[in-house]
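Structural overview for review
Residues per chain are reported as follows:
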Amino acid sequence: MKKERTMNAASGVSRRQFLIGAGLAGLGAAGAGLAGCAPSGQAGAAAGKGTDTASAASAGGAADSASLANNPLGANAAVEWTFMTPPADIPADQITGTEDVDVLVVGCGFAGAIASVAAAQAGAKTLCIEKCTTYSGRGGHITAYGSKIVKQYVEEGWFKEADYAHIVRRLTEWATGRVKEPLLWQFAKKSGACMDWLVDLVADSGLQPTLWAGYYKGPDYTEEPITHFFYDDTTDFVYLDGVSKGLGMAVLIPAVIEQGEKLGVEYRYETPCARLLRDGDGPVTGAIVGDEGNYQQINAKSVIVATGDYLDDDEMRTRYQPFTWHADSRLYIPFGISTGDLHKQAMWIGGAMQPSEPHCATIHLESGAQSYNFLHVNKNGERFMNEDVNTQSKSCVKSYQPEGKAFTIYDANSLESFAQSCNDGISGGISSDQQYRRFGVPFDMDVELKLRQAKIDQGLLFQADTLDELAEKAGIDAAGLKATVARYNELAAKGNDDDFGKPAEKMVAIENGPFYLAKLGYSFFFEVGGIATDKQRRVLDVDSKPIPGLYAIGNDGNMLYRHVYTINMPGTAFGNQVNSGREAANNVAEFLKA
């Protein structure tokens, strides 16, 4: 049954979906109602076979020093996490029907859509289920190494092609080895071909692929020019306060699904997965789907998990990604759906979570006003960093300022100076340059001025004729602010940042009113990683052995980063969704032949 689809990532949804405020109040309630039971066809091998993996919880909330020695969380491993306890089986008399498929894809976001199409292309009878009323997706940047589009731009002289081996080495270095390096190399070797496949797939849909020109080109936090996005003829390429039209996932996912439907894929919405099914310690055999009173059993030769992350489950969030509680807001459309259902279900049948913790969070300065690379100060008016860094680093540093507050200050001439710096290839980057700027298209000052006014109207940006008035409006220390601005202007005139080492060409003096002070706020977008997988995207058990017939893709199983999302190639999470979705489907095809 097909239900009418309307994109969840609709225009006009607020970027500030919620404010944290309450902290960890009520922690533990997220797992309430899960009753323990003996392993069965639904619960499988219960999680907790060993203390050296993230799937193990201590039975009584206590652990001795020996059992904690090999656990990366130390004493945190002694907490009894309720989501790890398998619930009672669904009684057979509540299952009202069965059906058979070759491949069941659980989750219809970008990764699930990709996997469903690739599986159908391999000849598999494929069903893709989604618990929401339609597919979901957000964003639009997609990384791919060495695609035909990248090579075209290289040939046209826009940039030199990146050294992809060097990129992988940088990623591994930044992660200090706490990644699954074979997955990084696989992505480097296959993502270009996957992008070429995607471009061909949607060629008849009216979508055009292009590359993002706003990447950061500086020497220390260099971003590579391999970020793709798709658009149609309705777009104006404007990303204004979180809203855009005619580009990104809002147009790409439905185009992919349309191709899946032509291949015979059924997309079934409002159909949650209630339990994964496994034959003892053997292969996965399908899933029970639907709601109480209307359960259906789907017998499947393979199941591909593509449900995204778990950050709407407070308990899982605290267990695996506690840093995200520092965030000012959450950017997730639709809000509240990412409850880690399939992470839990995979653990209940013996699957393990990735061993490197905490998991990676994607955090950007999206819930405040634009930061650019201007002078940053805290509530005391003190400068606290070299501002010429990526949005991830700014988000983290901001969290450790007094009261977690930070601001950027600039004057009447700063925006024009920054725009010229972007056009000259000096400045740029996510949350600095414009989100969908193409090569050959200059920084759009008209759009940026509209954005500035929108932030003033929202109370996120203050304007005043004097620094004293500006400090009063923002509630920060005026004396500290004036002293910091004076020092910054002194360093700008000198042509050398003696305090933090920012490049001289980015040290723009703050001299002419009106002056602007912008609140910086960061949102977390999603968590990247979770279920342990191998190169074939097969889910691994606590002994690092693959569970036959079970695969995890996209943000469900993605050990490519450490702790915080690394954006030397903006869009790698979505690039991995294409790569892992297609890779899993191809491996499923081989599994079905065996």
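The structure under discussion appears in the preceding block.
Heads up: these notes are all about the structure in this document. (Residues numbered from 1 in each chain as written. Predicted model: local features only at pLDDT ≥ 70, side-chain atom pairs only at ≥ 80, totals over all residues. Heavy atoms only, no water.)

This brings us to the overall build of the protein. Regarding its fold elements, the protein presents 14 helices and 18 strands. Across the 594 residues in the protein, those meeting the buried criterion constitute 60%. Taking the intrachain contacts of the protein between residues at least 6 apart in sequence as the baseline, contacts between residues at least 24 apart amount to 76%. Roughly 22100 Å² of accessible area belongs to the protein as shown, and the carbon and sulfur atoms make up 49% of that amount. (Helix = DSSP H or I, 4+ residues; strand = E, 2+ residues; numbered from the N terminus. Buried < 20%, exposed > 50% of the residue type's maximum accessible area, 1.4 Å probe, protein only. Contact = heavy atoms within 4.5 Å. Areas by Shrake-Rupley, 256 points an atom, 1.4 Å probe, with all protein chains shown as cover.)

What follows covers unusual backbone geometry. Trans peptide bonds make up the majority, and among non-glycine residues the majority have a negative phi. Omega for the bond connecting glutamate 357 with proline 358 falls within 30 degrees of zero, at -5 degrees, which places this linkage in the cis form. Structurally, proline 358 is set in the loop between helix H8 (341–348) and strand E11 (360–364). With an omega dihedral of 5 degrees, the bond running from glycine 513 to proline 514 counts as a cis peptide bond. Tracing the backbone shows proline 514 in the loop between helix H13 (478–494) and strand E15 (515–519). Of note, the phi angle at serine 431 is positive, near 65 degrees, even though the residue is not glycine. On the secondary structure map, serine 431 appears in the loop between helix H10 (414–423) and helix H11 (445–457). Phi is positive for arginine 537, which is not a glycine, with a value near 70 degrees.

Another point: helix H5 (residues 181–201). Here H5 contains 21 residues, and its C-alpha end-to-end distance of 29 Å stays within 8% of the 30 Å for a straight helix at 1.5 Å per residue. Maximum bend of H5: about 45 degrees, positioned at lysine 190. (Expected span 1.5 Å × (residues − 1). Bend = angle between axes of the 7 residues up to and from the residue.)

Below, the discussion takes up empty space enclosed by the protein. Under the counting rule described, the total for this entry stands at 5 cavities of 30 Å³ or more. In this structure, the largest cavity spans a volume of roughly 440 Å³. Lining the largest cavity are 35 residues, and of these Gly109, Ser136, Ala306, Thr307 and Gly308 lie nearest its centre. Those elements that provide at least two residues to the lining of the largest cavity are helix H2 (110–121), H8 and helix H14 (572–593). Within the lining of the largest cavity, the residues separate by chemical class into 14 nonpolar, 15 polar and 6 charged. Together, 19 residues line the second largest cavity, and Tyr216, Val389, Asn390, Gly428 and Ser432 are the ones closest to its centre. The class makeup of the residues in the lining of the second largest cavity is 6 nonpolar, 9 polar and 4 charged. (1 Å grid on protein atoms, 1.4 Å probe; cavity = no way out; pocket = protein on both sides within 12 Å on 5 of 7 lines; lining within 4 Å. Points joined across faces, edges and corners; volume = space filled by probe spheres on them. Nonpolar A, V, L, I, M, F, W, Y, C, P; charged D, E, K, R; others polar.)

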